[in-house]
Amino acid sequence: MTISPKNKHGDTRLTTSGRNPEANFGIVNPPVYHASTVTFPTVAALRDAEKHRFDRVYYGRYGTPTTFAFEEAVADLEGAAHCVAVPSGMAAIAVSLAATLHAGEHVLVSDSVYFPTISYCKGFLKKFGVEVSYFPPMASAAELKSLMRDNTKIVFTEAPGSITFEVQDIPMIADIAHAGGAKVVMDNTWSAGYHFKPFEHGVDISVQAATKYIVGHSDAMLGTLTVNDRSLYEHIKITQVGLGYSTSPDDCYLGLRGLRSLATRLPRHESTGLKLAEWLAACPEVETVLHPALPSCPGHDIFKRDFTGSSGLFGVVLKDGPTEQDLARMLDGMELFAMGYSWGGFESLIIPSDPRTMRTTYDWPYNQPVLRIHAGLEDPDDLLADLEAGLKRLST
Ligand SMILES: Cc1ncc(COP(=O)(O)O)c(C=O)c1O
């Protein structure tokens, strides 16, 4: 069997990219290569390997054929020329910024991003002399332009924000960033690279916590960076190996296995998520539902314009600012929804999170936390029954 996937539809390529049965005894999945040392038979071969170290097997930290198979498949998913795998989503975020920023330069960060991204900017980047400031996720073009500085080199975005779910206007942000000489980094984890194609919308570096939907089974940590530009790719590679990030080939194997079923899992997360979100929106205990596919979500029109669908992660704001005890009454008794950080696996999750403590550039318009829900692959009616019982406990 010869696989030539380039002219096939995206869902077909998710099943074929990164595979090469002919080179592996006909075995369907690429094997897991474990390696630190790679040997070279001659001095000439050693020198040649060094010269081409970003494109071949060279030393364990640079990746093995298993890493490269995973990287090829993720690059194909996001429509990029290159991908670099790293050991977690947070590592992808850290590498994207460390690879592109120097002391004395400025990064403008959306105030809706994954909170550890903000902590990294406030802590590490400031410590190394990078200026950091933030912009409200729904900033107008004029407001965003006014926040750009002469030394702004990166605008960091996440759409939608994974706690408050504002859908940002990435093409508008990219136009303003590029006009000011800056590049755009986007955390594209929510869409899994499936529902939003970053390079068609002006993004320069797309990062993902592959830990979430790509791995899809809550059993591995993995991150990816994708780019089209060769020199950016080399900067990212130099930073990844220079910081000592070595990505486990076992985890790349799990990421690759997860990708094979992404096109069947995501629509189920989407339909269950929508069913739960629409049901919750009609409940008297609910103030609002923050789901990009519902008109109540800031940026819903942008979502309809730029995304081909949604994943299973959304937020709910309850009425009357429930106390910690009220929340405990509701959440401690959930049967199927577990409380835990992360998302994107087969299981449903629910977690209270408080944007009021996280934002600096705008006021969160509600006086209560968000309940963040991840719709898993269980029967949606069982999930509805679990939520209904939880809301009953809340109001007793
Ligand atoms: C939007 C987003 N980006 C990045 C990360 C970090 O990923 P990881 O946990 O793999 O480091 C997370 C983790 O929850 C996330 O939600």
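Residues numbered from 1 in each chain as written. Predicted model: local features only at pLDDT ≥ 70, side-chain atom pairs only at ≥ 80, totals over all residues.

1. Some points on the packing of helix α3 (residues 65-78) against helix α9 (residues 249-260)
What counts, and what does not: Note on geometry: axes are lines fitted to C-alpha atoms, helical ones only across the stretch in contact, with angles between N-to-C directions running from 0 to 180 degrees. Put simply, DSSP H or I for four residues or longer makes a helix, DSSP E for two residues or longer makes a strand, and each gets a number counted from the N terminus. Whether a crossing is left-handed or right-handed is set by the direction in which the near helix is turned from the far one by less than a right angle, anticlockwise for left-handed and clockwise for right-handed. We call two residues in contact when the distance between their C-beta atoms, placed using the backbone, is within 7 Å. All residues other than Ala, Val, Leu, Ile, Met, Phe, Trp, Tyr, Cys, Pro, Asp, Glu, Lys and Arg, Gly among them, are scored as polar; the first ten of these are nonpolar and the last four charged.
Running from amino to carboxyl end, α3 crosses α9 at an angle of 35°, the nearest separation of the two axes being 8 Å. In this structure, α3 meets α9 at a crossing whose hand is left-handed. Along the contact surface, α3 presents Thr-66, Thr-67, Ala-69, Phe-70, Ala-73 and Leu-77, while α9 presents Pro-249, Cys-252, Tyr-253, Gly-255, Leu-256 and Leu-259. Along the lines of polarity and charge, the residues of the contact of α3 with α9 split into nine nonpolar, three polar and no charged.

2. Regarding α3
In plain terms, the rule: The span one expects for a helix is its residue count, reduced by one, times 1.5 Å. Here a residue counts as buried when 20 or more other C-beta atoms sit within 10 Å of its C-beta, as exposed when there are 12 or fewer, and as partly exposed otherwise, the C-beta atoms being derived from the backbone.
Taking 1.5 Å per residue, 14 residues should reach 20 Å; α3 reaches 20 Å between its end C-alpha atoms and fits that length. In terms of residue burial, α3 counts as a mostly covered element, since 13 of its 14 residues are buried. A positive backbone phi angle near 75° is found at Gly-79, which sits one or two residues after α3.

3. Some words on the pairing of strand β3 (residues 131-135)
For the record, the criterion: We call two strands paired when DSSP finds no fewer than two bridges between them. Classification remark: right-handed applies to a crossover when, strands pointing away from the viewer, the course from the first strand over the helix to the second runs clockwise.
Here strand β2 (residues 106-110) pairs with β3 via five bridges, running parallel. Note that in β3 the partner of Ser-110 across the bridge is Phe-135. Taken together, β2, helix α5 (residues 115-127) and β3 constitute a β-α-β crossover, and its handedness is right-handed.

4. Points about the site of the ligand
Put simply, the test is: For each residue, a C-beta atom is placed from the backbone, and the residue is labelled near a molecule or strand when this atom is within 6 Å of it.
Residues in close proximity to the ligand total 14 residues, the closest being Ser-88, Gly-89, Met-90, Ala-209 and Thr-211. Here the residues of the shell around the ligand are counted per class, giving five nonpolar, seven polar and two charged.

5. Quick look at the domain arrangement of the chain
It is common to give the size of an interface as the accessible area that goes away when the parts come together. Spelled out, the test is: Delimitation of the domains relies on an automatic or database domain assignment.
Assigned domains within the chain: domain 1 (8-260) and domain 2 (263-394). One C-alpha centre belongs to domain 1, the other to domain 2; they are set 27 Å apart. Listed as interface residues are 31 residues of domain 1 and, on the opposing side, 36 residues of domain 2. Only α1 (10-16) and β3 provide two or more residues apiece to the side of domain 1 that touches domain 2. Here the residues of the side of domain 1 that touches domain 2 sort into 16 nonpolar, 10 polar and five charged.

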